[in-house]
Amino acid sequence: MLRIGLTGGIGSGKTQVANWLDQWGAAVIDTDVIAHDLTAPGGLAMTAIQDAFGKALITADGALDRAAMRERVFQEPAARERLEGILHPLIGQEAQKQARQASGSYVVFVVPLLVESGRWGKQVDRICVVDCDRATQIARVQARSGLTAEAIGRIMSVQATRQQRLAVADDVIRNDAQTTIDMLREQTWHLHQQWCRTAPG
Ligand code: ATP
């Protein structure tokens, strides 16, 4: 099956796009969901995380304490690398396993950090970027989560830039302030039809 890597910055619209593709018959594999499962109580990554960071970052029920970990990796970039060194290979393995079992017109891997992690290039046939300007990303995430602009800015500061994403994109979905939901859907539909006609490799 054709494998698409779908990425974009925080609040760019990846989830919205992925939901439509799922409805239209693609096999959607969300690496955020996989990361969540790996770090839930008893999750496959939890032993390695405890070995690397001790119990301070683990909740009473044995899950990763996301808020504590977020704080730690902002304070200490090396901790981010260590955490990603544990999680990214496991996410990759699980995503490939799910893809082998998937049925659909093509596979879509939703990977927020596709450009940053560097390991996805060889695992997908095409990279699709949901492109959005910074101010609109901040406004959308604020409306959704109530995070402050500063907190959103901190998250964005460790994500790839718009230019870095566009530089590796095979397909681009524009979703800036002028893009209505209908316009977003229309672009997504157009690409869906194109991908349905495209053979892998
Ligand atoms: P994250 O990486 O933070 O999970 P995301 O890239 O998956 O974000 P979405 O959750 O799809 O982004 O979109 C962010 C928010 O913006 C959602 O509430 C979504 O409904 C809204 N949104 C996305 N695109 C548009 C648009 N064109 N017009 C209006 N609202 C939009």
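Scroll up to find the structure.
Quantities reported herein were computed from a predicted structural model and do not represent experimental measurements. Position numbers for residues count from 1 along each chain, tracking the sequence in the order it is written. Where local features are concerned, this predicted model is filtered to residues with pLDDT of at least 70; where side-chain atom pairs are given and counted, the filter is 80 or more; whole-chain, interface and lining totals use all residues. Heavy atoms from the whole structure form the basis of all side-chain values; hydrogens and water molecules are not counted.

Time to look at the pairing of strand β4 (residues 126–131). The element β4 is extensively covered by neighbouring structure, given that five of its six residues are classed as buried. Of the pairings in the sheet, the one linking strand β1 (residues 3–7) to β4 comprises four bridges and is parallel in character. Within β4, the position partnered with I4 by the bridge is R126. Strand pairing is assigned whenever DSSP detects at least two bridges linking the two strands. Under the DSSP-based scheme used, a helix requires at least four consecutive residues in state H or I and a strand at least two consecutive residues in state E, with every element numbered from the N terminus. With four bridges connecting them, β4 and strand β5 (residues 171–174) associate as parallel partners. From the neighbouring strand, V129 faces β5, where its bridge partner is V172. Each residue's exposure class comes from its accessible area (1.4 Å probe, protein chains only) as a fraction of the maximum for that residue type: buried when under 20%, exposed when over 50%, partly exposed otherwise.

In this description, a line fitted to the C-alpha atoms serves as the axis of each element, helices being fitted only across the stretch in contact, and the angle between N-to-C directions of two axes falls anywhere from 0 to 180 degrees. Two elements in contact, helix α3 (residues 46–53) and helix α5 (residues 77–101), have axes separated by 10 Å at closest approach and are oriented at 155°. Compared by their axis directions, α3 and α5 come out roughly antiparallel. Judged by the sense of rotation from one axis to the other, the crossing of α3 with α5 is right-handed. Here A48, I49, A52 and F53 of α3 come into contact with α5, specifically with A79, R82, L83 and I86. Residue polarity follows a fixed list, in which Ala, Val, Leu, Ile, Met, Phe, Trp, Tyr, Cys and Pro are nonpolar, Asp, Glu, Lys and Arg are charged, and the others, Gly among them, are polar. A breakdown of the residues in the contact of α3 with α5 according to their chemical character gives seven nonpolar, no polar and one charged. Reported orientations rely on four angle classes, namely roughly parallel under 35 degrees, roughly antiparallel over 145, roughly perpendicular from 65 to 115, and oblique for the rest. In a left-handed crossing the near helix is turned counterclockwise from the far helix by less than a right angle, and in a right-handed crossing that turn is clockwise. What makes two residues a contact is simply this: any of their non-hydrogen atoms within 4.5 Å.

The subject of this paragraph is the pattern of salt bridges. Salt bridges, as used here, are contacts in which a Lys or Arg side-chain nitrogen is within 4 Å of a carboxyl oxygen on Asp or Glu. As enumerated under the stated definition, the model contains nine salt bridges in all. Where E94 meets K97, a salt bridge forms, and the shortest distance between an N and an O atom there is 3.8 Å. Taken together, the residues span about one helical turn, with E94 and K97 both in helix α5 at a distance of three residues. The exposure class of E94 is partly exposed, given its relative accessible area of 24%.

A few words on the site of the ligand. Any residue with a heavy atom lying within 4 Å of a molecule or strand is counted as near it. Around the ligand, the surrounding shell holds 15 residues, and the nearest of these are K14, T15, R144, N175 and T179. Contact distances for the ligand include 3.2 Å between an oxygen atom and a backbone N or O atom of S12. By the criterion applied in these results, polar contacts are pairs of N or O atoms within 3.5 Å in which, for protein atoms, one can donate a hydrogen and the other can accept it, and in which residues neighboring in sequence qualify only through two side-chain atoms. One nitrogen or oxygen atom from the main chain of Q16 is found 2.9 Å from an oxygen atom belonging to the ligand. Look at the ligand: alone it shows 630 Å² of surface, and the protein chains cover 75% of it. Elements with a contribution of two residues or more to the shell around the ligand: α1 (14–23), α7 (134–145) and α10 (181–197). Of all the elements, α1 adds the most residues to the shell around the ligand, at three residues. Residues of the shell around the ligand, tallied by class, amount to three nonpolar, nine polar and three charged. Working definition of accessibility: Shrake-Rupley area with a 1.4 Å probe, residue cover restricted to the visible protein chains.

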